[in-house]
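Listed here are the chains, written in short residue letters.
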Amino acid sequence: MKRSFNIIALHCDGKILPETYELFNFVRDMGGETITFIILGSEPHVLMMARELAEKTGTDVICATSKYLENYYAQGYRDVLKGLVSTTDPCFICIPHTASGYDFAPLLAAALNIPCITAIEDIQDSLFIRSMFGGRIRAQARPSAPSAVLTVQPGAWEGSADYSGPGGTVRILPVDIPPGKTVIHGFKKSLSHDVGFCDAEVIVSAGRGIGSEQNVTLIKRLAALFPRSAIGATRAVCDLGWLGYRHQIGITGNTVSPRLYIACGISGAVQHISGMKNSRIIVAINTDRHAAIFRTATYCIVEDIKTFIPLVLEEYSRRSGNPVNGSS
Ligand SMILES: Cc1cc2nc3c(=O)[nH]c(=O)nc-3n(C[C@H](O)[C@H](O)[C@H](O)COP(=O)(O)OP(=O)(O)OC[C@H]3O[C@@H](n4cnc5c(N)ncnc54)[C@H](O)[C@@H]3O)c2cc1C
């Protein structure tokens, strides 16, 4: 069976996303014999990124350019990639499972009439492994055709490019595409304030399992037991607006490694784990004894946080004689 791969390089603010290099290691793990990167964008930035890819990996790069590719848009990516992959005839088309990656991957698969396997976290016995139901089930998948579009979870493979040989070639292909139907007028970064992760020895993090915004108070009161502590959160909690995005820990948030990490009502999705797995001690509190977080935790507490944290606070008060605060 041929083992040729296309890796679709994604970028932001003129920089290659680290997930692109993770895909390079994913493909090498799969024994990829022929690898070609494809990068889309507008000149001049995309040319610099294409050269960087070719140098850092020793791999050939196809660089498709159009002024309409300055910003990502799904239909543009689908149409350009459909034309390009038919010239390289790959076995697998690999795309990072980022917000834009999982946006256009199924469109591309449908346009090429090939299977699409998304959110791959591992490979075992030539089967692709992906999590389902918040990490409680690990599904095994195999494409039903010789070619497929694959998306790979950020953080599931190492991201460094350790290559030091001669660079690959860059083929520049100006492409003729219409403008996207959505006009983007620019991007504004969200204002982020320091929440003290750098100095914190203890981080208490809230997951969706805390149940409501009111219960953030419980997390704050638990954190207040420790002099140098900070509050973390999963993306689910930030998406719900219970805590600001500056608290988010994970692949698209902060990376932390405190002495103690207390995960409250967190399922343990790979994107969250990759941001906190280097914590020295991890305590996880979850009602579900099969929660994925327990595979990473040092201490596993199968309890409801709404009853367990008040008991901890009460016991602390009783033993120390100090009332517990931290409701701000
Ligand atoms: C491209 C991409 C990037 C992402 N980046 C990040 C990221 O940076 N950080 C991040 O966190 N996520 C990220 N995610 C989202 C991630 O996949 C998960 O959806 C998210 O981490 C789940 O958050 P959660 O654990 O709070 O919620 P859930 O998965 O809903 O888990 C809630 C948990 O709480 C438990 N529970 C319920 N009630 C209680 C109770 N009363 N007491 C105790 N436990 C209870 C449940 O058993 C469950 O395990 C990303 C996803 C994608 C696709």
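About the cut-offs
Residues numbered from 1 in each chain as written. Predicted model: local features only at pLDDT ≥ 70, side-chain atom pairs only at ≥ 80, totals over all residues. Domains from an automatic or database assignment. Contact = placed C-beta atoms within 7 Å. Nonpolar A, V, L, I, M, F, W, Y, C, P; charged D, E, K, R; others polar. Helix = DSSP H or I, 4+ residues; strand = E, 2+ residues; numbered from the N terminus. Buried ≥ 20, exposed ≤ 12 C-beta atoms within 10 Å, placed from the backbone. Axes fitted to C-alpha atoms, helices over the stretch in contact; angles between N-to-C directions. Parallel < 35°, antiparallel > 145°, perpendicular 65-115°, else oblique. Left-handed = near helix turned anticlockwise from the far one by under 90°. Core = buried A, V, L, I, M, F, W, Y, C linked by C-beta atoms within 7 Å.

### Here's the deal with the domain arrangement of the protein chain
At step 1: Domain annotation for the protein chain reports domain 1 (4-174) and domain 2 (202-320).
At step 2: Here the C-alpha centre of domain 2 lies 33 Å away from the C-alpha centre of domain 1.
At step 3: Of the residues lining the interface, nine residues belong to domain 1; the matching set on domain 2 comes to ten residues.
At step 4: A per-class count over the side of domain 1 that touches domain 2 returns two nonpolar, five polar and two charged.

### Structural notes on unusual backbone geometry
At step 1: At the junction of Glu-43 and Pro-44, the peptide bond is cis and its omega measures out at 5 degrees in the coordinates.
At step 2: Looking at the secondary structure, you find Pro-44 in the loop between β4 (34-41) and α2 (45-57).
At step 3: Notably, Asn-113 is not glycine yet its phi reads approximately 60 degrees, a positive angle.
At step 4: Here Asn-113 is to be found in the loop between α4 (101-112) and β7 (116-124).
At step 5: Among the residues examined, Asn-113 registers 8 C-beta atoms within 10 Å and is labelled exposed.

### With respect to the packing of helix α3 (residues 74-88) against α4
At step 1: Put simply, α3 and α4 touch, their axes get as near as 9 Å, and they point 45 degrees apart. If you check the angle between α3 and α4, you find them oblique. Helix-helix and strand crossings are classified by hand; for α3 and α4 the assignment is right-handed. Residues Ala-74, Tyr-77, Arg-78, Leu-81, Lys-82 and Val-85 of α3 touch α4, and the partners they reach there are Asp-103, Phe-104, Leu-107, Leu-108, Ala-111 and Leu-112.

### Thoughts on the nonpolar core
At step 1: Formed by 86 residues in total, the largest nonpolar core has its most connected members in Ile-7, Ile-39, Cys-94 and Cys-264.
At step 2: Viewed by domain, this core spans two of them, domain 1 (4-174) and domain 2 (202-320), each represented by three or more residues.
At step 3: In this view, Cys-264 contacts Val-204, Ser-205, Ala-206, Gly-207, Gly-209, Ile-210, Ile-219, Ile-285 and Ile-305; residues no more than four positions away in its chain are not counted.

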